[in-house]
Amino acid sequence: MSSKNKAITLGFVFVFFLALAYFENTLFLGYSSNIFANPPLAIAVIFMHNVIVVSLIIIGMSFYVEFVPAFLPKRKVDYVVLDHPRIFAAIFTVIILVISILRIYQHIYGRIVFDVVEIIMLVSLPHGIVEAYGIYKAIHVTLANSLTNKALAKICLIFLLAAILEVGFVQILRFFAV
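Below is a summary of the structure that appears in this document. (Residues numbered from 1 in each chain as written. Predicted model: local features only at pLDDT ≥ 70, side-chain atom pairs only at ≥ 80, totals over all residues. Heavy atoms only, no water.)

## Looking at the overall build of the protein chain
Of regular secondary structure, the protein chain possesses eight helices and zero strands. Counting only residues that meet the buried cut, the protein chain has 33% of its 178 residues in that class. For the protein chain, the share of sequence-separated contacts (at least 6 apart) that also reach a separation of at least 24 residues comes to 75%. For the protein chain, the accessible surface area stands at approximately 11200 Å², while carbon and sulfur atoms represent 73% of it. (Helix = DSSP H or I, 4+ residues; strand = E, 2+ residues; numbered from the N terminus. Buried < 20%, exposed > 50% of the residue type's maximum accessible area, 1.4 Å probe, protein only. Contact = heavy atoms within 4.5 Å. Areas by Shrake-Rupley, 256 points an atom, 1.4 Å probe, with all protein chains shown as cover.)

As structure tokens, this is what we get:
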């Protein structure tokens, strides 16, 4: 398959799975309180949710990695992301975290007005740090064109650890809230 066909196919696959992920995310957020009532189920669902998210990121980044060389001329400005994957991975990770925090906050409180202390607390939660590292790793290995099965397995293990930490913190909060 030519690189142009591969890029176009990845683009269509990305859009299709992005639409499916929208419905999964809607269901996940709608039933999150019920899901957290059963910790083993919560770990499984959160892990699957995180794997879906990171898979979308990897497919999107793979599309970009295939699209740029196939369709854009070799100009320095067009290849800045591919030439500096670490910097872009860090920037993209921060963007994803900020959007995630805003979306969850809006879902929980129905508004997006909060204190700086709350932002620091949300960002510094251990599972958030682990998830951020997993997102960074996924973006970096994809943009560096070094995605292997071993790297993918490590990324999945990172997100499994994040799911366990997240459910653990929710259970601790529920314990102290009673």
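Past the structure itself, the notes keep going.
## Some remarks on the packing of helix α1 (residues 3-30) against helix α3 (residues 39-71)
In contact at an axis separation of 9 Å, α1 and α3 are set at 155 degrees when each is read in the N-to-C sense. The angle between the axes of α1 and α3 places the two elements in the roughly antiparallel class. Pair α1 / α3 crosses with left-handed handedness. Taken together, the residues of the contact of α1 with α3 sort by class into 18 nonpolar, six polar and four charged. (Axes fitted to C-alpha atoms, helices over the stretch in contact; angles between N-to-C directions. Parallel < 35°, antiparallel > 145°, perpendicular 65-115°, else oblique. Left-handed = near helix turned anticlockwise from the far one by under 90°. Nonpolar A, V, L, I, M, F, W, Y, C, P; charged D, E, K, R; others polar.)

## Quick look at helix α7 (residues 126-143)
In this model, α7 (18 residues) spans 26 Å end to end at C-alpha, consistent with the 26 Å of a helix rising 1.5 Å per residue. With respect to burial, α7 is a largely interior element, 13 of its 18 residues being buried. Following α7 by one or two positions, Asn 145 adopts a phi angle in the positive range, close to 60 degrees. (Expected span 1.5 Å × (residues − 1).)

## Here's the deal with the side chain of Thr 142
Its location among the elements puts Thr 142 in helix α7. Take Thr 142: its relative accessible area is 3%, and that puts it in the buried class. Within polar-contact distance, the side chain of Thr 142 engages the backbone oxygen of Ala 138 at 2.7 Å. Setting aside residues no more than four positions away along its own chain, Thr 142 makes contact with Ile 58, Met 61, Ser 62, Val 65 and Leu 147. (Polar contact = N/O pair within 3.5 Å; in protein donor to acceptor, adjacent residues only side chain to side chain.)

## Quick notes on α1
Compared with an ideal rise of 1.5 Å per residue, which puts 28 residues at 40 Å, α1 spans 40 Å between its outermost C-alpha atoms and is within 8% of the ideal. Looking only at α1, the buried set comprises Ala 7, Leu 10, Gly 11, Ala 21, Asn 25, Phe 28 and Leu 29.

## Some words on the nonpolar core
Residues Val 54, Ile 57, Leu 82, Ile 135, Ile 139, Leu 143 and Ile 155 are the most contacted members of the largest nonpolar core, which totals 18 residues. Broken down by secondary-structure element, the contributors of at least two residues to this core are α3, α4 (80-83), α5 (85-109), α7 and α8 (149-177). Broken down by element, the residue count for this core peaks at six residues, all from α3. Other than its neighbours up to four places away in sequence, Val 54 contacts Ala 138, Ile 155 and Phe 159. (Core = buried A, V, L, I, M, F, W, Y, C linked by side-chain atoms within 4.5 Å.)

What is shown is where atoms sit, not what they do.
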